[in-house]
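# Inside the fold
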Amino acid sequence: MTFKSTILTIPGLGNSGPQHWQSIWEKQFNFIRVEQNDWDAPVCAGWIENINNEVKKHNAADIILVGHSLACTTIAYWAQKFNIKIKGALLVAPSDTEAESYPPGTTGFTPVPLNKLPFHTITVTSTNDFYVTFERAQFFANAWGSELINIGDAGHINAASGLGEWDKGLDILKLLDK
């Protein structure tokens with residue numbers, strides 16, 4: 001499988017370890033990880049600046065962002081602040097930073113932005129994600145103007161979900177890579 005676009009991966013809170021599909025994809029396809037200053041006590045303003053700094057290194061029209069968990073909210077904040085027209089974004093397992101179940105220690109990620117994103121997006125969710133109810137994920141996707149794909153019982157769609165390379169995710173990513 002090959003990709004025409006520049007793919008930037010953006011992990012969520014705690015980063016994505018070696019068994020996470022984002023890390024596997026980076027190794028297989030040379031996707032570029034947007035590094036953050038602090039993965040465990042993130043500050044939204046810094047995270048969106050780091051996304052913007054990486055986006056500026058490439059042709060924006062060819063960029064697809066692949067965000068997981070907290071990165072979905074971060075991408076929404078980045079789009080709200082910078083309004084840069086990129087090719088698209090794959091928003092996987094958006095976490096609900098407003099929920100009581102959300103881990104403490106993040107700064108500036110509430111409320112979840114509900115602006116329509118200025119580029120094509122697909123939001124992927126699960127029916128049993130601890131960090132977001134299906135209804136909230138659907139609400140976010142609708143607000144963002146995003147197509148919603150429900151992959152069933154897949155937890156937080158992370159390494160603990162046992163997805164490995166996550167072939168279905170790659171198929172979904174290809175829908176943006178046109």
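Right, let's get into the packing of aromatic side chains. Given two aromatic rings, one states the distance between the centres and the angle between the planes to describe the pair. This model, assessed by the stated rule, comprises 14 aromatic pairs. Judged by centre distance (5.5 Å) and plane angle (70°), the rings of W39 and W47 are edge-to-face. Here W39 falls in the buried class, since its relative accessible area comes to 12%. In this structure W47 comes out as buried when scored by relative accessible area, which is 2%. Between W47 and F109, the ring centres sit 5.8 Å apart and the planes meet at 80°, which makes this aromatic pair edge-to-face. Separated by 62 residues along the polypeptide, W47 in helix 2 (residues 44-55) and F109 in the loop between strand 4 (88-92) and strand 5 (120-125) bring together distant segments of the chain. Both residues of the pair, W47 and F109, belong to the buried class. Linked through ring pairs, F3, W21, W25, F29, F31 and W166 together constitute an aromatic cluster.

Moving on, we come to the packing of helix 2 against helix 3 (residues 70-82). Two numbers describe how helix 2 lies on helix 3: the axes approach to 9 Å, and their chain directions differ by 70°. As judged from the angle between their axes, helix 2 and helix 3 are roughly perpendicular. Here C44, W47, I48, E49, I51, N52 and V55 of helix 2 lie close against helix 3, whose contacting residues are L70, T74, I75, Y77, W78, K81 and F82. Counted by class, the contact of helix 2 with helix 3 contains 10 nonpolar, two polar and two charged residues.

Time to look at the sheet that holds strand 3 (residues 63-68). Pairing is parallel in the open sheet, where six strands are placed in the order 2-1-3-4-5-6. Bordering the open sheet on either side are strand 2 (32-33) and strand 6 (147-150), each of which pairs with just one other strand. The pairing of strand 5 with strand 6 spans four bridges and is parallel. Bridged to I122 within strand 6 is E147.

Cut-offs used in this document
Residue numbering note: each chain is counted from 1, following its sequence as written. In keeping with the model being predicted, local features are shown solely for residues with a pLDDT of at least 70 and side-chain atom pairs are shown and tallied solely at 80 or more, while totals for entire chains, interfaces and linings include all residues. Side-chain measures were taken over the full set of non-hydrogen atoms in the model, leaving aside hydrogen atoms and water. Each pair of aromatic rings taken from Phe, Tyr and Trp, with Trp reduced to its six-membered ring, is defined by centres within 6.5 Å and is described as stacked if the planes are under 30 degrees apart, edge-to-face if over 60, and tilted in the remaining cases. A simple rule labels every residue: compare its accessible area, found with a 1.4 Å probe on the protein chains alone, to the largest value its type can have, and call it buried under 20%, exposed over 50%, or partly exposed in between. Here a helix means four or more residues in a row that DSSP labels H or I, a strand means two or more in a row labelled E, and each is numbered from the N terminus. Axes here mean lines fitted to C-alpha atoms, for a helix over just the part in contact, with angles spanning 0 to 180 degrees between N-to-C directions. Angle categories: roughly parallel below 35 degrees, roughly antiparallel above 145, roughly perpendicular from 65 to 115, and oblique for all the rest. By definition, residues are in contact when any of their heavy atoms lie within 4.5 Å. For this classification, the nonpolar set comprises Ala, Val, Leu, Ile, Met, Phe, Trp, Tyr, Cys and Pro, the charged set comprises Asp, Glu, Lys and Arg, and every other residue, Gly included, is treated as polar. Strands pair, by our definition, only if DSSP identifies at least two bridges between them.

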